[in-house]
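Spelled out, the chains give:
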Amino acid sequence: CRAQEWANFLRPKAMMPIVITELPQVRVLEFFDFFLFRANLPHCSAFHGIYQCCEREHIAVLDDGSEIELPCDKDRIADIISGMYKQKLENLKETCNEFMYRIYSCVAPSILAGSARDLSCQACSSTETVAEFLHRFLLPPDPAEEDVSGAT
């Protein structure tokens, strides 16, 4: 499931998961393949998948025929993914891993796309200045300066 893929890559120590499909296939989901071909696509976010609660229109029919309202799983998963994403960015910043911090910052517009916590307006703001952009991506304000990793 998409939420599980994201949760794996947002863990403090991500692993390369083995994905077993309905077809007789097994594959390893490698981070850079995931990042390059899925993570930046808003329609591939966990919130554009199929949720049983939504398919059932948030109603569960009990054995006696009575109905109860189901909360939307997307809201709970958005809280979890959002918290994990913030923690991942904080951890990468604290450990001075600016390269991976920037990689994860690039997925901000798509990671929560389709949820109530969608970050695309914040991450793609037309009012953001160059200085704000450089600060958000932990880049030095002067292009001639090196960042912590030595990149210019």
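Just above, that's the structure.
Quick caveat, the model's predicted, so the values are computed rather than measured. Along each chain, residues carry numbers from 1 onward, in the same order as the chain's sequence is written. In keeping with the predicted nature of the model, local features appear solely for residues at pLDDT of at least 70, side-chain atom pairs appear and are counted solely at 80 or more, and the whole-chain, interface and lining totals rest on all residues. Side-chain descriptors were evaluated using all non-hydrogen atoms of the structure, hydrogens and water having been removed beforehand.

A. Representation of the packing of aromatic side chains within the structure. For Phe, Tyr and Trp, rings pair up if their centres lie within 6.5 Å, where Trp contributes its six-membered ring, and each pair is then called stacked (planes under 30 degrees apart), edge-to-face (over 60) or tilted (otherwise). Scanning the entire structure with this criterion turns up 3 aromatic pairs. Considering the side-chain rings of Phe133 and Phe137, the 4.7 Å spacing of their centres and the 35° angle between planes classify their relative orientation as tilted. Only protein chains enter the calculation, and the probe is 1.4 Å; a residue is then buried if its accessible area is under 20% of its type maximum, exposed if over 50%, and partly exposed in between. Assessed through its relative accessible area of 35%, Phe133 is described here as partly exposed. We classify Phe137 as buried; its relative accessible area is 8%.

B. Structural view of the side chain of Arg102. Helix numbers and strand numbers start at the N terminus; a helix is a DSSP run of H or I with at least 4 residues, a strand a run of E with at least 2. Here Arg102 lies in helix H5 (residues 98-106). By relative accessible area, which is 15% here, Arg102 ends up buried. Once residues lying within four places of it in the same chain are set aside, the contact partners of Arg102 are Phe137, Leu138, Leu139 and Asp147. Whether two residues touch is decided by their heavy atoms; if any such pair falls within 4.5 Å, the residues are in contact.

C. Highlighting the nonpolar core. Formed by 30 residues in total, the largest nonpolar core has its most connected members in Trp6, Tyr85, Tyr104 and Ile111. When residues of this core are assigned to their parent elements, the largest contribution, 5 residues, is made by helix H4 (residues 73-94). Not counting residues up to four positions away in its chain, the partners in contact with Ile111 are Trp6, Leu10, Ser45, Phe47, Ile81, Tyr85 and Leu119. Buried Ala, Val, Leu, Ile, Met, Phe, Trp, Tyr and Cys residues that are joined via side-chain atoms within 4.5 Å together make up what is termed a nonpolar core.

D. Geometry of the packing of H4 against H5. Only the stretch in contact is used when fitting a helix axis, every axis being a line fitted to C-alpha atoms; angles between N-to-C directions are given from 0 to 180 degrees. Relative to each other, H4 and H5 sit at 155°, their axes nearing to 8 Å. Between H4 and H5, the angle is such that the two are roughly antiparallel. Between H4 and H5 the crossing geometry is left-handed. Only Met100, Tyr101, Tyr104 and Ser105 of H5 make contact with H4, whose side of the interface consists of Tyr85, Lys88, Leu89, Leu92 and Lys93. Classes in brief: Ala, Val, Leu, Ile, Met, Phe, Trp, Tyr, Cys and Pro nonpolar; Asp, Glu, Lys and Arg charged; the others, Gly included, polar. When grouped by side-chain class, the residues that make up the contact of H4 with H5 number 6 nonpolar, 1 polar and 2 charged. Here is the rule for angles: anything less than 35 degrees is roughly parallel, anything more than 145 is roughly antiparallel, 65 through 115 is roughly perpendicular, and the remaining ranges are oblique. Left-handed describes a crossing whose near helix is turned anticlockwise from the far helix by less than a right angle; the clockwise case is right-handed.

E. Here's a closer look at the environment of Asp147. Mapping Asp147 onto the fold places it in the segment after helix H8 (130-136). For Asp147 and Cys96, which are 51 residues apart along the polypeptide, the C-alpha to C-alpha distance reads 10.0 Å.

F. View of the pattern of salt bridges. Each reported salt bridge corresponds to a side-chain nitrogen of Lys or Arg within 4 Å of a carboxyl oxygen of Asp or Glu. Under the definition given, this model contains 5 salt bridges. Among the ionic pairs, Glu5 bridges to Arg38, the shortest N-O distance being 3.0 Å. Note that Glu5 is positioned in helix H1 (residues 2-10) and Arg38 in helix H2 (residues 31-39), a separation of 33 residues in sequence. The class for Arg38 is partly exposed, based on a relative accessible area of 24%. The partner of Asp73 in a salt bridge is Arg76, with the nearest N and O atoms 2.5 Å apart. Taken together, the residues span about one helical turn, with Asp73 and Arg76 both in helix H4 at a distance of 3 residues. Exposure remark for Asp73: the relative accessible area of 27% places this residue in the partly exposed category.

G. Spatial organisation of the layout of surface pockets. In this structure, the largest pocket occupies an estimated 250 Å³ of space. In terms of lining, the largest pocket is formed by 13 residues, of which the most central are Tyr85, Leu89, Ala108, Leu119 and Gln122. Of all the secondary-structure elements, those providing two or more residues to the lining of the largest pocket are H4, H5 and helix H7 (120-123). Among the elements that line the lining of the largest pocket, the one with the most residues is H4, at 4 residues. Any residue with an atom within 4 Å of a point lines the site, the site being either a cavity, points on a 1 Å grid over the protein atoms alone where a 1.4 Å probe fits but cannot get out, or a pocket, an open set with protein on both sides within 12 Å along at least 5 of 7 lines. Grid points are joined across faces, edges and corners, and a volume is the space filled by probe spheres set on the points.

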